[in-house]
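# Structural features, examined
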Amino acid sequence: MATATPRQRRKDARPQELLDAALALFVEKGFAATRSEEVAARAGVAKGTLYRYYPSKEELLKAVVHENLGVHIAESAAQAAQHEGAIACLLREMMQAWWAKVGHGNAGVVCKIMMIEARHFPDLAQFYLDEVVTPSQNLIGGLIERGIRSGEFRAVPVEATVHLLIAPMLHMLLHEHSFGEHDLCHHSMSAEELLDAQMSLLLHGLLANPA
């Protein structure tokens, strides 16, 4: 098999380099204030090269959302589909894994950007709803329904329980990527410890026969 040339390897890496440059600028300046030519310059390519991969700035942000959030949700859905054990254990592991990926990395920054910009860009808001919000709610809601059908969970209101699971993580995410960046608030507990306490309280309320 022929070995890829340095030029081919550079070309293959270019989409990711453009996404990395775009995310960095979106964080620094905001989506609305970032110009496409700035993304191209940050990535070290011509503006025409950027448009070859991403025809508009909106398409670029959609790709950033998919790469940093959509992919992780799809992976979690695949894991859930193969899971055969207790749903409570899977929910705890999944929420902890999501925080590890979203809370400290680029994915969390993408969430913050969308919360800021969504009201000004309705098409992007709809994309985020379809790519991130609805799939994640369906995934968690499906697991809760599985737990109810199996008798592991009580017959709780599914939609409300989904929001109770997600809301604390969103709160921690916004803090982490806002006040947390300036170290203004000093907590005696880590985000991981807070998440563990939340899951213990909520799962105890979900279980039909809590130990």
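Residues numbered from 1 in each chain as written. Predicted model: local features only at pLDDT ≥ 70, side-chain atom pairs only at ≥ 80, totals over all residues. Heavy atoms only, no water.

Right, let's talk about the overall build of the chain for a bit. From N to C terminus, the chain includes nine helices and zero strands. Counted from the first residue to the last, the chain has its helices and strands arranged as α-α-α-α-α-α-α-α-α. Of the contacts formed within the chain by residues at least 6 apart in sequence, a portion of 71% connects residues at least 24 apart. In the form shown here, the chain has an accessible surface area of approximately 11700 Å², with 57% of it arising from carbon and sulfur atoms. (Helix = DSSP H or I, 4+ residues; strand = E, 2+ residues; numbered from the N terminus. Contact = heavy atoms within 4.5 Å. Areas by Shrake-Rupley, 256 points an atom, 1.4 Å probe, with all protein chains shown as cover.)

Turning to the layout of surface pockets, a few remarks are in order. Within this model, the largest pocket holds a volume of roughly 440 Å³. Tyr-128, Val-132, Ser-136, Ile-166 and Leu-170 are, among the 21 residues lining the largest pocket, the residues nearest its centre. Contributions of two or more residues to the lining of the largest pocket are made by α4 (57-82), α5 (87-103), α6 (106-117), α7 (122-150) and α8 (158-176). It is α8 that provides the largest number of residues to the lining of the largest pocket, a total of six residues. (1 Å grid on protein atoms, 1.4 Å probe; cavity = no way out; pocket = protein on both sides within 12 Å on 5 of 7 lines; lining within 4 Å. Points joined across faces, edges and corners; volume = space filled by probe spheres on them.)

Next up on the list: the pattern of salt bridges. All told, the structure shown has eight salt bridges when counted by the stated rule. Between Arg-42 and Glu-28 there is a salt bridge; the shortest N-O distance is 3.0 Å. Of this pair, Arg-42 sits in helix α2 (residues 36-43) while Glu-28 sits in helix α1 (residues 6-29); the two residues are 14 residues apart in sequence, bridging distant segments of the chain. Residues Glu-37 and Arg-35 are paired through a salt bridge, measuring 2.7 Å at the closest nitrogen-oxygen approach. Look at Glu-37 and you get partly exposed, because its relative accessible area is 32%. Within this structure, Lys-29, Arg-35, Glu-37, Glu-38 and Lys-47 form a network of salt bridges that share partners. (Salt bridge = Lys/Arg side-chain N within 4 Å of Asp/Glu carboxyl O. Buried < 20%, exposed > 50% of the residue type's maximum accessible area, 1.4 Å probe, protein only.)

All right, on to α6 then. Over its 12 residues, α6 runs 16 Å from end to end, which matches the ideal 16 Å to within 8%, given 1.5 Å per residue. The complete set of buried residues in α6 reads Ala-107, Gly-108, Val-109, Val-110, Cys-111, Ile-113, Met-114 and Glu-117. (Expected span 1.5 Å × (residues − 1).)

Next up on the list: the packing of α4 against α5. Between α4 and α5, the least distance of the axes is 12 Å, while the angle of their chain directions is 160 degrees. Comparing the axis directions of α4 and α5 gives the class roughly antiparallel. Where α4 crosses over α5, the two elements pack in a sense that is right-handed. Contact residues: α4 offers Leu-69, His-72, Glu-75, Ser-76, Gln-79 and Ala-80, while α5 offers Leu-90, Glu-93, Met-94, Trp-98, Lys-101 and Val-102. (Axes fitted to C-alpha atoms, helices over the stretch in contact; angles between N-to-C directions. Parallel < 35°, antiparallel > 145°, perpendicular 65-115°, else oblique. Left-handed = near helix turned anticlockwise from the far one by under 90°.)

Scanning all chains against the criterion turns up two aromatic pairs. Note on Phe-26 and Phe-31: the rings are 5.3 Å apart at their centroids and 70 degrees apart in plane angle, and the pair reads as edge-to-face. Above the face of the Phe-31 ring, Lys-57 is positioned so that its terminal group lies 4.6 Å from the ring centre. (Phe/Tyr/Trp six-rings, centres within 6.5 Å; stacked < 30°, edge-to-face > 60°. Lys NZ or Arg CZ within 6 Å of the ring centre and 35° of its normal.)

Attention shifts here to a nonpolar patch on the surface. Judged by side-chain polarity, Met-115, Leu-170 and Leu-174 come together as a nonpolar surface patch covering roughly 210 Å² of accessible area. The residue Leu-170 is located in helix α8 in this model. Note on Leu-170: relative accessible area 33%, which makes it partly exposed. (Patch = residues over 30% accessible without salt bridge, like charges linked within 9 Å, V, L, I, M, F, W, Y side chains within 5 Å.)

If you look at the biggest cluster of nonpolar residues, it comprises 58 residues, and the most contacted ones within it are Leu-60, Leu-61, Leu-69, Leu-91, Ile-140 and Leu-165. When residues of this core are traced back to their parent elements, those giving at least two are α1, α2, α4, α5, α6, α7, α8 and α9 (191-206). Ignoring any residue separated from it by four or fewer positions in sequence, one finds Leu-91 in contact with Ile-140, Leu-143, Phe-153, Leu-165, Met-199 and Leu-203. (Core = buried A, V, L, I, M, F, W, Y, C linked by side-chain atoms within 4.5 Å.)

None of this, on its own, says anything about what the molecule does.
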